[in-house]
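# What the coordinates show
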Amino acid sequence: MSTNNHTPSICTLPVELIYRILDTLDNETILFSFGYTCKRFQTIIHTYNQYKLNFKSISKRYFHLICHSIHPENIISLTLSNNKQTPDQIKCFLSIFSIQQFIRLRSLTLNKIDEDDFYTIFQFKNTISSLSFTFLKSTLQNSQTISLLSSIISNKNLRYLDFNLSPKDLLWSNQCLLQTLIISNTLNFTQFSTIISNLLLLKKFVLQDCIIHKNDIIDCSIHYLQLISLSFNDSKLNMDNCELLLCLFPLLEHFHIVGGDYFFDGFRWEKFIQKNLLKLKKFEFAFCGNTSMLWKNSNDIESLITPFRTPFWIEHKQWFVVCCYFIDTNNYTLYSLPICKSNNILSQNPSFRKLNALSLCIENEWPTGSTEYLSTFINLSSISELSISIDLENEYALDKLTNITNLLNQLYNLQSVRIDNCLTSAEIICLLVPNHIKYLRTVVRDIDDMKFIIEQLTHLSSITFEIFGKMKYFLEDFLTWLMEKRINSTYRYDDQLLSIWLGKINN
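Residues numbered from 1 in each chain as written. Predicted model: local features only at pLDDT ≥ 70, side-chain atom pairs only at ≥ 80, totals over all residues. Heavy atoms only, no water.

As a further point, take a nonpolar patch on the surface. Taken together, the side chains of I314, F320 and L337 make up a nonpolar region of the molecular surface, amounting to roughly 250 Å² of accessible area. On the secondary structure map, F320 appears in the loop between α12 (311-316) and β11 (321-326). (Patch = residues over 30% accessible without salt bridge, like charges linked within 9 Å, V, L, I, M, F, W, Y side chains within 5 Å. Areas by Shrake-Rupley, 256 points an atom, 1.4 Å probe, with all protein chains shown as cover. Salt bridge = Lys/Arg side-chain N within 4 Å of Asp/Glu carboxyl O. Helix = DSSP H or I, 4+ residues; strand = E, 2+ residues; numbered from the N terminus.)

For the protein, the assigned domains are domain 1 (9-48), domain 2 (50-336) and domain 3 (357-505). Computed from C-alpha atoms alone, the centre-to-centre distance between domain 2 and domain 3 is 33 Å. Counting residues at the interface gives 13 residues for domain 2 and 16 residues for domain 3. Summed over both partners, the interface of domain 2 with domain 3 comes to about 1,200 Å²; 60% of that surface belongs to carbon and sulfur atoms. Looking only at domain 2, the three residues that lose the most surface to domain 3 are K60, K84 and P87, adding up to 57% of its buried area. Our count for the domain 2 to domain 3 interface comes out at zero salt bridges. The tally of links from domain 2 across to domain 3 stands at five residue pairs in polar contact (both at pLDDT 80 or more). (Domains from an automatic or database assignment. Contact = heavy atoms within 4.5 Å. Buried area = accessible area lost by both parts, 1.4 Å probe. Polar contact = N/O pair within 3.5 Å; in protein donor to acceptor, adjacent residues only side chain to side chain.)

Along the chain, L337 connects to P338 via a cis peptide bond; the corresponding omega equals -5 degrees. With respect to the helices and strands, P338 occurs in the loop between β12 (331-336) and α13 (343-346).

Here we take up the sheet that holds strand β16 (residues 439-443). Taken together, the seven strands give an open sheet; going across it, the order is β13-β14-β15-β16-β17-β20-β19, and neighbouring strands pair in mixed fashion. Of all strands in the sheet, those bounded by a partner on one side alone are β13 (357-362) and β19 (490-494). Averaged over neighbouring strand pairs, the angle between their axes works out to 10 degrees when direction is ignored. Running at roughly 10 degrees to strand β20 (residues 497-501), helix α18 (residues 475-485) makes contact with β17 (462-466), β19 and β20 of the sheet. (Pairing = 2+ DSSP bridges. Axes fitted to C-alpha atoms, helices over the stretch in contact; angles between N-to-C directions.)

What follows covers the pairing of β20. Within β20, five of the five residues are buried, which leaves it mostly tucked inside the rest of the structure. Both faces of β20 are covered, namely the face carrying L497, S499 and W501 and the face carrying L498 and I500. In this sheet, β20 lies alongside β17 in antiparallel orientation, the contact comprising five bridges. Counted as the bridge partner of F465 is L498 from β20. Alignment of β19 against β20, held across five bridges, turns out to be antiparallel. Bridge pairing links Y491 to I500 in β20. The antiparallel hairpin formed by β19 and β20 contains two residues in its connecting segment, where D495 sits at a positive phi of about 55 degrees. (Buried < 20%, exposed > 50% of the residue type's maximum accessible area, 1.4 Å probe, protein only.)

Set out below in structure tokens:
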């Protein structure tokens, strides 16, 4: 009797299961590895319609490869960026595609977009449900942009909106169906209450701060029951005004606030929450203060944290609080665990296992064992951005160069390096930058240094030169040279910074 043994193979899986596998892979793997496995997979990657494209830090080469390999109707999420690593990317993208081709697009992120391109994208109706954007310039140049933004907000498909403009003059229709609103700006109470009153389905509201003036009237008898999450990322509110605001939202489940020393009374927080915020499940905070006298023992610090150690905090809510005191500055920080994601706190916290950006300033001798010491409280494998300010003009130059090179080679997930020293030669810069770095920002002494760095560091995807003095008068000749050496490069020169998204090497 014979039997047929069929060896299981991914090639024979139903297409629905393969789609599930593709959901877990990045776009480059899908398009340039998986798709080349066999003819069937090549067909499948062109029918797969859940692509999420993030072009934020991509090389020019892969940007064009992906743009010419993918069908726009299969994209559901798109991130485009005109930051220093990818200048003029959005305009480049719009020269390849029409936004009307993206019929399945649901999520769109636009970083540092100029107003003309913004209008090009949103002049047509769309089905986007999630939109995040920042403009290239801090102030709007076109009077029609506000009207366009108001119409975008009223789009009945939109559920998530994140932007950094002042909401002044924006129209907030009560027909708006937004559920999440993030404004990286400070609002006055009139703007705050206008938004809350009109967005009847708003669940989550994140902003920098809300300014309450003496003549503002807050009617605590009015309750906005739709909101369940509220965040102030850099608040100057005092405790009295904060309580008045919170009374408007009795069904709040999550509250996040980063602020000053008005909020250190744990007993007052406990009493207020028990009376007014009965649904509150998550309270994230970071409060920073300063004492005029030197605290010499732990009892002084304990006096701050004791009110946050009652049964209400520890047993009932299980909200745990830490206090850090910095002897050199007499500053102290009281924060909840896990630590709030805030620059105000991260810059002072003594242990950062998930830190991804690091800044080093080394003036004299490189401290012995400093790399090993850093690794005791920083997970070096998490660092993706590094800024170095280093003096290589003294007797310790060779030792520092050796040690910083050793550190850079240990940061194997490092993508971006910034070198802040106008005396560092182009040769030294090239020695410092390892092959896995994709983006470099550095000060240069002259045009020849710029050319040398671009010719030597061919692995870079983009570079920003800090230009001073008379160098700007020679930029036109340099850019002519650049376009000959690196085909289809794009650049932006702004405020003494020349940012270049490097194109293909012309052999």
